[in-house]
Amino acid sequence: MVVANLGFNPEFTSILGQSLSARGLNTLLFTLDHESDADHVIDQLWQYRVAGVVAAVTLPPRHVDMLSQREIPLVFVNRAYEEVPVNSVSCDQSEGERWLVDELCAAGHRRIAIVSGPEDSPVSRQRVSSAAERLANAGVKPVEIVVADFTYQGGREAMRKLAAGPARPDAIICANDMLAIGCMDEARHALGLRIPEDISIVGFDGSAPGQWASYDLVTIRQPTNLMVDAAIDMLMARIDDPQLITEKRVFSGELVRGASARLADT
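Conventions used here
Residues numbered from 1 in each chain as written. Predicted model: local features only at pLDDT ≥ 70, side-chain atom pairs only at ≥ 80, totals over all residues. Heavy atoms only, no water. Pairing = 2+ DSSP bridges. Helix = DSSP H or I, 4+ residues; strand = E, 2+ residues; numbered from the N terminus. Axes fitted to C-alpha atoms, helices over the stretch in contact; angles between N-to-C directions. Core = buried A, V, L, I, M, F, W, Y, C linked by side-chain atoms within 4.5 Å. Buried < 20%, exposed > 50% of the residue type's maximum accessible area, 1.4 Å probe, protein only. Contact = heavy atoms within 4.5 Å. Parallel < 35°, antiparallel > 145°, perpendicular 65-115°, else oblique. Left-handed = near helix turned anticlockwise from the far one by under 90°. Nonpolar A, V, L, I, M, F, W, Y, C, P; charged D, E, K, R; others polar. Expected span 1.5 Å × (residues − 1).

**Student:** Give a detailed account of the sheet that holds strand E5 (residues 87-91), specifying residues and quantitative values.
**Tutor:** Hydrogen bonds along the backbone pair up the strands of a sheet, which may run parallel or antiparallel. Judged by pairing direction, the sheet is parallel, and its 6 strands sit side by side in the order E2-E1-E3-E4-E5-E11 without closing on themselves. For this open sheet the edge positions go to strand E2 (30-32) and strand E11 (248-251), each flanked by a neighbour on one side alone. Strand-to-strand twist across the sheet, computed as the mean angle between neighbouring axes with direction ignored, equals 15 degrees. Of the pairings in the sheet, the one linking strand E1 (residues 2-4) to strand E3 (residues 53-56) comprises 2 bridges and is parallel in character. Across the sheet, residue Val3 finds its bridge partner in E3, namely Ala56.

**Student:** Talk me through the nonpolar core; I want residue IDs and the actual numbers.
**Tutor:** Leu16, Val89, Leu104, Leu135 and Ile173 are the most contacted members of the largest nonpolar core, which totals 37 residues. Ranked by residue count, the leading element in this core is helix H8 (residues 224-240), at 7 residues. The residues touching Leu104, leaving out its near neighbours within four places in the chain, are His109, Ile112, Ala171, Ile173, Ser200, Val202, Ala261, Arg262 and Leu263. Counting residues in each nonpolar core, the second largest holds 23 residues, with Ala113, Met159, Ile181 and Cys183 among its members.

**Student:** Account for the packing of helix H1 (residues 10-22) against H8, with residues named and values stated.
**Tutor:** Where H1 meets H8, the axes come as close as 10 Å, and the angle between the chain directions of the two elements is 45 degrees. As the angle between them shows, H1 and H8 are arranged oblique. Handedness of the crossing formed by H1 with H8: right-handed. From H1, Phe12, Ile15, Leu16, Ser19 and Leu20 reach across to H8, where they touch Thr224, Asn225, Met227, Val228, Ile232 and Leu235. Across the contact of H1 with H8, the residue classes break down as 8 nonpolar, 3 polar and no charged.

**Student:** Give me the lowdown on helix H5 (residues 122-137), citing residues and values where you can.
**Tutor:** Taking 1.5 Å as the rise per residue, H5 with 16 residues should run 22 Å; its terminal C-alpha atoms sit 22 Å apart, in good agreement. Along H5, the residues classified as buried are Pro122, Val123, Ser124, Arg127, Val128, Ser130, Ala131 and Leu135. Positive phi appears at Gly139, one or two residues downstream of H5, with a value of about 75 degrees.

Interpretation note: all reported values are geometric properties and have no functional meaning in isolation.
Here it is in structure tokens:
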């Protein structure tokens, strides 16, 4: 199991590891601080006799080919490839961002900023580009796009940058929940802003901390259990039969209407 930014969505990694163990598989976990470090993981992987790989990081196409040549099944989670055929399970990031943008715009927000995750994260890039495209369709240009780490501290720093700009946003779309939580704490405790009266903040993932009463975050909850089951089923089927054709499964998320943002009336 290869994952990056372990801290920003630990529930997913935990559920995946538990589910693999429940099926009698021992898990070898590789964690990366940045997706660009994935090269080193594959070099280490050849030291072990692995039955298959679940990757929540982007691997270079040449490494995908190497795994295929060695008949080691590979399933990606929330990663898409156009260059080579791969097995993947993902949440529909674009759909989720459209829901968030539509709700914010319908509630009257017009000064909307975006807090992105790391530039080497394809999940962040997809979420940010989808949000920006939907805003453009609504005739709204983001007041600013701030790049940050997928961390609580990254969210706090991003909020400080946005507040120091020429036009403070009235809503912030964050690329994940941990960023949104950091933005919320900085806005309330350092800047004296009220949420959602002064500023609306939304995230993406549906992580447990975002649902704590002190945050009650508006977010898109990924169907983690369904995605994990699908990834493991896909992997096990290809361990049994390496000649199976490539498969892709895409799941819709769920809009969680918390109290961190003013949304359109239902």
